[in-house]
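Close look at the chain arrangement
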Amino acid sequence: MKIRTDFVTNSSSSSFSVIVAIETKDGKRFSFREDPYGYEESGGTCSFNAELDNLLIKNVVNKIKASKETVYKLEDVGSNGRNARIENVAVGDRLTLVKVPGCTRLGEQSEVDYAIDVRSKEGSIGILPGEALSVIKDVLDSDSVSLLVAVSRVTPLSKRGKNAKRALISISIDVEERETDQLLTFSNVADLAKFLMDNISDDYKLYDDWDEEDDDEDYVDFERNIASRKKRFVSKVSKNISSVCDIAKISVHREYNAYGEEAELIADNDSELCRLAELVNNTSGEEQKKALDEMLAYIRSSSPERCGEHFGNGYDDIRYAWNGSESTLMGLASRLCSSEGPGVCTGRECDEINLLDGTTESYAEFDLC
């Protein structure tokens, strides 16, 4: 791996800003930006914590259908009279899902502030595990789909060993679409805007070393400012867009900006790009022209291997951004074969939903310089 040798400085920075935008069919654009340089001189990381493509009903439906053979074991079946109710449950019985107060962990770093009670005709028989909720949560409240929940396996407490304290019951989940023109899982513009704002986060606390017991007015003011800006975005979008049917595009971009020791040298550590750059430097005339064309063709291709430790993680489509001339391409080739690094490393991670044709796009793009 190539490391930078062209600077002697203690100054370095690595940051991700988040830009969320909603564009309407009549050309209006409403955006919200959270930039870590607003709270930390050396940068930080702002993130978007949801999968944007799950806003499309068809994508969630496809994911549920793909997992319909998965069997989920219900939790907390040994309390609140559930053992007794399970005695009267049989494989194939239809069940209902009801939101109740609680907390469900969906993964190591994700949770929701409610639980899902699974009920037979007689009442509650268990709590839906986070693994299952993570698959269906985006359409739980949707009027466009019906979730089909059924008992897959059941062993009542009376059929278990004498030392057993709870029944065993597992369920499967399928989905059925209703006839509707709705594309999004949200039918209300305000709810959609709030969802987008709620899923923007930052790492301000990590840099601030803030303690809840301290009366840190700067931290409180910062949090209030962020909350106020998010509230204004929701209000502005709600007032100016009357229906989700008026939306043409929803996008979330994370802008990467880094320099110094914290910069990820994506291009400089791309062995194929550096091989082509060396070929350009070691040829002339027609051979060099051919090498330049080959280098440009590679730059215009995409590869999941161009991710760094932080940039591009999780993206299969990682591109280079390049609009330079032949002479500037030769300059890039020369730099890649030297010990000189780029001044600043920049790029973006892009997730977009096009509601005009119901398609999604997800890619990362690293700027060549």
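The rules behind each value
Residues numbered from 1 in each chain as written. Predicted model: local features only at pLDDT ≥ 70, side-chain atom pairs only at ≥ 80, totals over all residues. Heavy atoms only, no water. pLDDT = per-residue confidence, 0-100. Contact = heavy atoms within 4.5 Å. Salt bridge = Lys/Arg side-chain N within 4 Å of Asp/Glu carboxyl O. Helix = DSSP H or I, 4+ residues; strand = E, 2+ residues; numbered from the N terminus. Buried < 20%, exposed > 50% of the residue type's maximum accessible area, 1.4 Å probe, protein only. Axes fitted to C-alpha atoms, helices over the stretch in contact; angles between N-to-C directions. Parallel < 35°, antiparallel > 145°, perpendicular 65-115°, else oblique. Left-handed = near helix turned anticlockwise from the far one by under 90°. Nonpolar A, V, L, I, M, F, W, Y, C, P; charged D, E, K, R; others polar. Phe/Tyr/Trp six-rings, centres within 6.5 Å; stacked < 30°, edge-to-face > 60°. Lys NZ or Arg CZ within 6 Å of the ring centre and 35° of its normal. Expected span 1.5 Å × (residues − 1).

The next thing to look at is the confidence of the model for the protein. Put simply, the protein has an average pLDDT of 90, and 90% of its residues get 70 or more. Counted against residues more than four places away or in other chains, residues 3-10, with its pLDDT under 50, gives twelve contacts. Confidence drops under a pLDDT of 50 for residues 206-210, and excluding neighbours within four residues, the segment shows nine contacts in the predicted structure.

Glancing now at the pattern of salt bridges. Tallied over the entire structure, the rule returns 23 salt bridges. Glu 51 is the partner of Lys 63 in a salt bridge, and the nearest nitrogen-oxygen pair spans 3.2 Å. On the criterion of sequence distance, the pair formed by Lys 63 in helix H1 (residues 57-66) and Glu 51 in the loop between strand E3 (47-48) and H1 is long-range, its members being twelve residues apart. Lys 63 sits in the partly exposed class, given a relative accessible area of 33%. Ionic pairing is found between Arg 82 and Asp 117, a salt bridge with its closest N-O pair at 3.9 Å. Residue Arg 82 is located in helix H2 (residues 82-86), and its partner Asp 117 is located in strand E6 (residues 110-120); the two are separated by 35 residues in the primary sequence. For the pair Arg 82 and Asp 117, a shared accessibility class is recorded, and that class is buried. Connected through salt bridges with shared partners, the residues Arg 33, Asp 35 and Glu 255 form a single ionic network.

A word on the packing of helix H7 (residues 271-281) against helix H8 (residues 285-299). For the pair H7 and H8, interaxial distance at closest approach is 8 Å and the crossing angle is 160°. Here H8 runs roughly antiparallel to H7, going by the angle between their axes. Crossing angle aside, the handedness with which H7 passes H8 is left-handed. Counting all contacts with H7, which are made through Glu 272, Leu 273, Arg 275, Leu 276, Ala 277, Leu 279 and Val 280, the residues of H8 involved are Gln 288, Ala 291, Leu 292, Glu 294, Met 295, Tyr 298 and Ile 299. Classifying every residue of the contact of H7 with H8 by side-chain character gives ten nonpolar, one polar and three charged.

Considering all chains together, one arrives at five aromatic pairs under this definition. Ring geometry for Tyr 256 versus Phe 311: centroids 5.5 Å apart, planes at 40°, classification tilted. A residue pair is termed long-range when its members are at least 10 positions apart, and Tyr 256 in strand E11 (residues 247-259) and Phe 311 in the loop between H8 and strand E12 (318-321) qualify at 55 residues. Here a set of aromatic residues connected by ring pairs shows up, and it is made of Phe 16, Tyr 256, Phe 311 and Phe 366. Here the guanidinium or amino end of Arg 306 rests over the ring plane of Tyr 298, the centre of that ring lying 4.7 Å away.

Turning our eyes to something else, we now look at H1. Residues lying three or four places apart along an α-helix face the same way, a consequence of the helix completing one turn every 3.6 residues. What H1 keeps buried is the set Ile 57, Asn 59, Val 60, Val 61 and Ile 64. Those residues of H1 that are buried lie in contact with helix H3 (130-136), strand E8 (145-155), strand E9 (168-177) and strand E14 (359-367).

It is worth spelling out H8 at this point. A rise of 1.5 Å per residue sets the reference length of H8, with its 15 residues, at 21 Å; its end C-alpha atoms lie 21 Å apart and thus fit the reference within 8%. Buried residues along H8 sit in contact with H7, E12 and helix H9 (326-336).

Arg 82 sits in the buried class, given a relative accessible area of 7%. In contact with Arg 82, not counting residues within four places along its chain, are Asp 76, Val 77, Asp 117, Ser 124, Ile 125, Gly 126 and Ile 127.

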